[in-house]
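Summary of the model geometry
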Amino acid sequence: MARDNLRATRVKPDNAGLLTLRVVRREQISPHFVRVTLGGGDIAQFGFMGFDQWFRLFIPVAEDSLSRLPRKLDLLSYAKYLTIAKAVRPVLRNYSVRAYRRDGADGPELDVDVVIHGSQADGTAGPGATWALSCAAGDPVGLLDEGVGYHPDPSVSDVLLVADESGLPATAGILASLPADTTGRALLEVPSEEDRQSLRAPAGVEITWLVRTSDHAVPGHAALDAATALSLSGRPGYGWVVGEQNLPSSLRRHWVRTGLPKQNIMFCGYWKSATAP
């Protein structure tokens with residue numbers, strides 16, 4: 001069974017070329033989130049689309065890592081990327097735009113919220129988290145814009161957004177981009193009470209925070225339970241779900257069984273937890 005339908009639903013950016021940006025600043029905003037602000041370099045070429053706009057981030061591991069990258073990423077260029085020696089091949093990770101400001105202190109700025117799973121001290125943090133915890137102002141990165149996955153029919157005005165912490169930045173982008181008359185729900189699961197964020201959303205969209213009760217709880221289960229408990233009867237709505245891969249795949253099956261048309265569903269597994277079944 002497909003684990004996502006992102007390729008089928010996404011709206012591609014006008015400019016899909018590789019951009020080189022630099023770290024402007026970083027901030028630990030909560031126990032499990034670090035916000036890295038990017039700017040400078042080619043930032044003027046970045047076309048902000050809003051919603052759940054996502055991109056591929058290339059993190060250099062050597063002085064000239066970024067100079068070896070392709071200007072775009074298709075099957076052929078990705079194969080070439082994999083042939084780069086691991087000692088100099090940039091780390092590749094996918095992230096969402098948390099916020100974009102055209103009028104930053106020194107020009108446009110792009111915020112990236114990175115989820116911190118594991119610990120840098122004991123080596124259990126992944127490459128993306130390690131970068132977010134250690135990057136410094138001026139550090140270069142490569143960015144390849146991939147566009148937007150949230151793309152309902154214009155007639156849809158009622159939405160249900162479901163995500164764990166990995167999908168919080170994308171959900172925040174969608175909520176901030178929705179038309180003012182949109183109605184619906186957003187169910188957001190986070191590891192701790194302190195990871196809740198202040199989000200901008202239409203008045204008719206209710207935001208529910210679901211805080212995991214234990215460090216050993218399987219990510220996504222609380223969001224899945226809450227979403228499957230909701231009635232979708234009478235709603236010609238749109239379902240959008242992302243996060244630990246069991247959450248979107250299971251909720252998508254539930255939505256289809258309860259009558260939500262497949263074309264009104266966008267689902268994508270962002271990561272796989274070691275504690276998931």
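Everything below is about the structure printed above this text.
So, a few notes on the structure that sits alongside this text.

Focus: the packing of helix α5 (residues 221-228) against helix α6 (residues 246-257)
It is at 9 Å that the axes of α5 and α6 come closest, and there the two elements cross at 10 degrees. Between α5 and α6, the angle is such that the two are roughly parallel. At the point where α5 passes α6, the crossing takes the right-handed sense. The segment α5 lies against α6, with His221, Ala223, Leu224, Ala227 and Thr228 engaging Asn246, Leu247, Ser250, Leu251 and His254. Looking at the contact of α5 with α6, its residues break down into five nonpolar, five polar and no charged.

A word on the sheet that holds strand β11 (residues 238-244)
As summarised here, the arrangement of the five strands in space is β10-β9-β8-β11-β12, forming an open sheet in which the pairing is parallel. Sheet topology places β10 (205-211) and β12 (265-271) at the edges, where each strand pairs with a single neighbour. Neighbouring strand axes in the sheet, compared pairwise and without regard to direction, differ in orientation by 10 degrees on average. Of the strands in this sheet, β8 (158-163), β9 (183-190), β10, β11 and β12 are in contact with helix α4 (residues 168-177), which crosses β8 at around 160 degrees. α6 rests against β8, β11 and β12 of the sheet, and its axis sits at about 155 degrees to β11.

A short note on empty space enclosed by the protein
Scanning the model with the defined rule gives one cavity of 30 Å³ or more in all. As a volume, the largest cavity reaches approximately 70 Å³. If you trace the largest cavity, you find 10 residues lining it, with Asp158, Leu160, Leu232, Gly237 and Tyr238 closest to the centre. Residue assignment for the lining of the largest cavity shows that the elements contributing at least two residues are β8 and β11. In terms of residues, the lining of the largest cavity owes the most to one element, β8, which gives three residues. Grouping the amino acids of the lining of the largest cavity by side-chain chemistry returns six nonpolar, two polar and two charged.

Some thoughts on the layout of surface pockets
Here the largest pocket defines a volume of roughly 1300 Å³. Here the lining of the largest pocket is composed, by residue class, of 19 nonpolar, nine polar and 12 charged. Volume-wise, the second largest pocket comes out at about 380 Å³. Considering the residues around the second largest pocket, the lining is formed by 18 residues, among which His117, Arg212, Asp215, Ala217 and Pro219 are closest to the centre. Partitioned by chemical class, the residues of the lining of the second largest pocket number six nonpolar, eight polar and four charged.

Considerations on the nonpolar core
In this structure, Tyr150, Leu161 and Trp240 are the most contacted members of the largest nonpolar core, which totals 27 residues. Val34, Phe55, Val112 and Ala132 belong to the second-largest nonpolar core, a separate cluster that totals 25 residues.

Points about the environment of Lys86
If you trace the backbone, Lys86 turns up in the loop between α2 (75-83) and β4 (91-96). Taking relative accessible area as the criterion, Lys86 reaches 70% and is therefore assigned exposed. A sequence separation of 157 residues divides Lys86 from Gly243, and the C-alpha atoms of the two residues are 28 Å apart.

Observations concerning the sheet that holds strand β3 (residues 54-59)
The sheet built from seven strands is open, its strands ordered β4-β3-β7-β1-β2-β6-β5 with antiparallel pairing. Of all strands in the sheet, those bounded by a partner on one side alone are β4 and β5 (99-104). Mean inter-strand twist for the sheet, computed between neighbouring axes without regard to direction, equals 35 degrees. Here seven bridges tie strand β2 (residues 33-39) to strand β6 (residues 107-115), and the two strands are oriented antiparallel to one another. Within β6, the residue paired with Leu38 across the bridge is Leu110.

Focus: the pairing of β2
A regular strand places its side chains so that they alternate between the two faces of the sheet. With six of its seven residues buried, β2 lies for the most part within the structure. Connecting strand β1 (residues 18-30) to the antiparallel partner β2 that follows it, the hairpin turn spans two residues.

What counts, and where the lines are drawn
- Residues numbered from 1 in each chain as written.
- Predicted model: local features only at pLDDT ≥ 70, side-chain atom pairs only at ≥ 80, totals over all residues.
- Heavy atoms only, no water.
- Axes fitted to C-alpha atoms, helices over the stretch in contact; angles between N-to-C directions.
- Helix = DSSP H or I, 4+ residues; strand = E, 2+ residues; numbered from the N terminus.
- Parallel < 35°, antiparallel > 145°, perpendicular 65-115°, else oblique.
- Left-handed = near helix turned anticlockwise from the far one by under 90°.
- Contact = heavy atoms within 4.5 Å.
- Nonpolar A, V, L, I, M, F, W, Y, C, P; charged D, E, K, R; others polar.
- Pairing = 2+ DSSP bridges.
- 1 Å grid on protein atoms, 1.4 Å probe; cavity = no way out; pocket = protein on both sides within 12 Å on 5 of 7 lines; lining within 4 Å.
- Points joined across faces, edges and corners; volume = space filled by probe spheres on them.
- Core = buried A, V, L, I, M, F, W, Y, C linked by side-chain atoms within 4.5 Å.
- Buried < 20%, exposed > 50% of the residue type's maximum accessible area, 1.4 Å probe, protein only.

So far we have only geometry, and geometry alone does not tell us how the molecule works.
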